[in-house]
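# Topology and contacts: notes
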Amino acid sequence: MSDTARIKPKDRDAILQALRAGVVPRLGLQHIQVGRAREVEEVLRDVERIGQGGAAIRFVIGEYGAGKTFFLNLTRLIGLEKRLVVINADLAPDRRLHASGGQARGLYAELLRNMATRTKPDGGALPSVVERFIGDAHKAAKSEGRSVEEMVQQRLAPLEELVSGFDFTTVLTHYWKASEEGSEAGKSAALRWLRAEYSTRTEARQALGVRDIIDDTSFYDYLKLLARFVVIAGYDGLLIVLDEMVNLYKLTSTQARSSNYEQILRILNDVLQGSAAHVGFLLGGTPEFLMDPRRGLYSYPALQSRLAENRFARDGLVDLSGPVIRLQNLTPEDLYVLLNKLRHIHAGGDPARHAVPDEALTAFMDHCSKRIGDAYFRTPRNSVTAFVDLLAVLEQNPAASWRQLLGTLEVAAETPVADAVAAGEDDELASFKL
């Protein structure tokens, strides 16, 4: 970012408000990106592979506050720029990959609600994707002198070869017919089905005439259908971003964890064996989620063998070609650049309005280093939040001195959301610090 680059007020406010709350902003990520150059290069290759008909899966691993969510959001923006459809969601107790009580359907519904394209980056893009498919079918039918219905059916025919493809194509055909008839209710019913908002087959059959619904058992099958459909609709592929994978690690039931890990193994095998096309998965989690031998992915032998680190990547050597990307620590130099960018954003891009001089940046870093050690740049979230708070106070109190404020500033080391995972029936004698 140039020292003279102006910042839009909308981006400025969004960035500062998000950082003060300790969360990743949805806008203006390009203004605060530092470091991670090699990791970004790798996901760029993944995105290009997806667009060319391949598949990719990455496990983005880092400590709490190390920048996982930021990296995932940055990759999301890269995918949108490269003409991918992006769906994203955070896992939670009521949203996971495999379940029998509606939690997997809940995750699918959340993913579809957050569907984004380059022209609709904030989500809610499902109707526009379907409309683009219908519009392209109209144009193709007109140019070839054929009926629109024939063109729609021809383009959707490849989907019927996939698991659950018949119902998927039936619903899309229903949407087209409702569009032709001007029936908003019919279009709404089709979109509800595509978003997994029908909880019973009876309700879906009455509204759409289909035999099945998207439920826990068909979660992954419909993701593969969706990836194939967005390509038919004119996009280059589908990128699926899942954060907070540590929620699977926190499951107290051994059976529930194993079922979810089996689903991850199924996805991993499809990608590595070339069975998936035009689809990518980005999964964010903590080191414990990956490596804990009793509750993490390494507790599942098939996953451990596929996700094990390259034994030659040691003593400073790095291999980013495998499924696991371990986010490298930011250096103190990276953090200095980041603080400089935050100062510039706070000033709206005007160097004359910088709230603090250059020496304040190094003084702030020295202060954080003395309080919490090298964690201030390894997991910089709390340090960044404290710096933005400092700028806010100086803006509203022009007579205040940054030197005096630094003397009273407390910066805490980053701590996980939960200090321990509740032990299940199989782990009643175990306790795990995150």
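These notes cover the structure that comes with them. Remember, predicted model here, so these are calculated numbers, not experimental data. For every chain, the first residue of its written sequence is number 1, and the numbers climb from 1 along that sequence. Under the rules for a predicted model, residues below a pLDDT of 70 receive no local features and side-chain atom pairs below 80 are neither given nor counted, while totals for whole chains, interfaces and linings still include all residues. Here the side-chain values reflect all heavy atoms present in the structure, with hydrogen atoms and water set aside.

## Focus: the sheet that holds strand E4 (residues 279-285)
The five strands lie next to each other as E2-E3-E4-E1-E5, forming an open sheet whose pairing is parallel. With one partner strand each, in any of the chains shown, strand E2 (85-90) and strand E5 (324-326) form the two edges of the open sheet. Looking at each pair of strands side by side, their axes are set apart by 15° on average, direction ignored. Contact definition: two residues touch when any of their heavy atoms are within 4.5 Å. Under this scheme, a helix contributes an axis fitted over its contacting stretch, all axes are lines through C-alpha atoms, and angles between N-to-C directions fall in the 0 to 180 degree range. Every helix listed is a DSSP run of H or I at least four residues long, and every strand listed is a run of E at least two residues long, numbered separately from the N terminus. Each of strand E1 (55-61), E2, strand E3 (238-243) and E4 is contacted by helix H3 (residues 68-81), which is oriented at about 170° to E3, the strand it contacts most. Of the strands in this sheet, E2, E3 and E4 are in contact with helix H10 (residues 219-232), which crosses E3 at around 140°. A pair of strands is treated as paired once DSSP finds two or more bridges between them.

## Considering the layout of surface pockets
Here a cavity denotes grid points, spaced 1 Å and computed from the protein atoms alone, that fit a 1.4 Å probe unable to get out, and a pocket denotes an open set having protein on both sides within 12 Å along at least 5 of 7 lines; residues with an atom within 4 Å of a point are the lining. Grid points are joined across faces, edges and corners, and a volume is the space filled by probe spheres set on the points. In this model, the largest pocket occupies a volume close to 950 Å³. Every residue lining the largest pocket is counted, 47 residues in all, and those nearest its centre are Val24, Gly67, Thr69, Phe70 and Arg381. At seven residues, the largest contribution of residues to the lining of the largest pocket is made by H3. Taken as a whole, the second largest pocket holds about 460 Å³ of empty space. If you trace the second largest pocket, you find 17 residues lining it, with Arg26, Leu27, Gly28, Leu77 and Pro121 closest to the centre.

## Topic: the pairing of E4
Across the seven residues of E4, seven count as buried, placing the element largely inside the fold. Burial along E4 is two-sided: Val279, Phe281, Leu283 and Gly285 facing one way and Gly280, Leu282 and Gly284 facing the other are all buried. As judged from the seven bridges shared by E1 and E4, these two strands associate in the parallel manner. Within E4, the residue paired with Ile57 across the bridge is Phe281. Bridge count for E3 against E4 is five bridges, and the pairing is parallel. Following the sheet pairing, Leu242 is matched in E4 by Leu283. Whether a residue is buried, partly exposed or exposed follows from its accessible area with a 1.4 Å probe, protein chains only, as a fraction of its type maximum: under 20%, in between, or over 50%, in that order.

## Some points on the nonpolar core
Counting 86 residues, the largest nonpolar core has Phe59, Leu111, Trp193, Phe229, Ile264, Phe281 and Phe289 as its most contacted members. Among the elements that make up this core, the one with the highest residue count is H10 (nine residues). Not counting residues up to four positions away in its chain, the partners in contact with Trp193 are Asp167, Phe168, Val171, Tyr198, Ala204, Leu208, Val210, Asp212, Ile213, Ile214 and Tyr222. Nonpolar cores were defined as sets of buried Ala, Val, Leu, Ile, Met, Phe, Trp, Tyr and Cys residues, with membership established by side-chain atoms within 4.5 Å. Ranked by size, the runner-up nonpolar core spans 49 residues in total, among them Val47, Leu327, Leu338 and Phe387.

## Points about helix H2 (residues 37-51)
The span you would expect from a helix comes to 1.5 Å times its residue count less one. The terminal C-alpha atoms of H2 lie 21 Å apart, and with 15 residues this matches the ideal 21 Å at 1.5 Å per residue to within 8%. Taken as a whole, H2 has its buried residues at Glu39, Val40, Glu42, Val43, Asp46, Val47 and Ile50. Along the long axis of H2, the arc covered by the buried residues comes to 160°, so they all point the same way. In H2, the exposed positions that point more than 90 degrees away from the buried face belong to Ala37 and Arg38. In this fold, the buried residues of H2 make contact with E1, H3, E3, E4 and E5. Positive backbone phi, at 105°, marks Gly53, one or two positions downstream of H2. Note: the arc covers the axis-to-C-beta directions of the helix.

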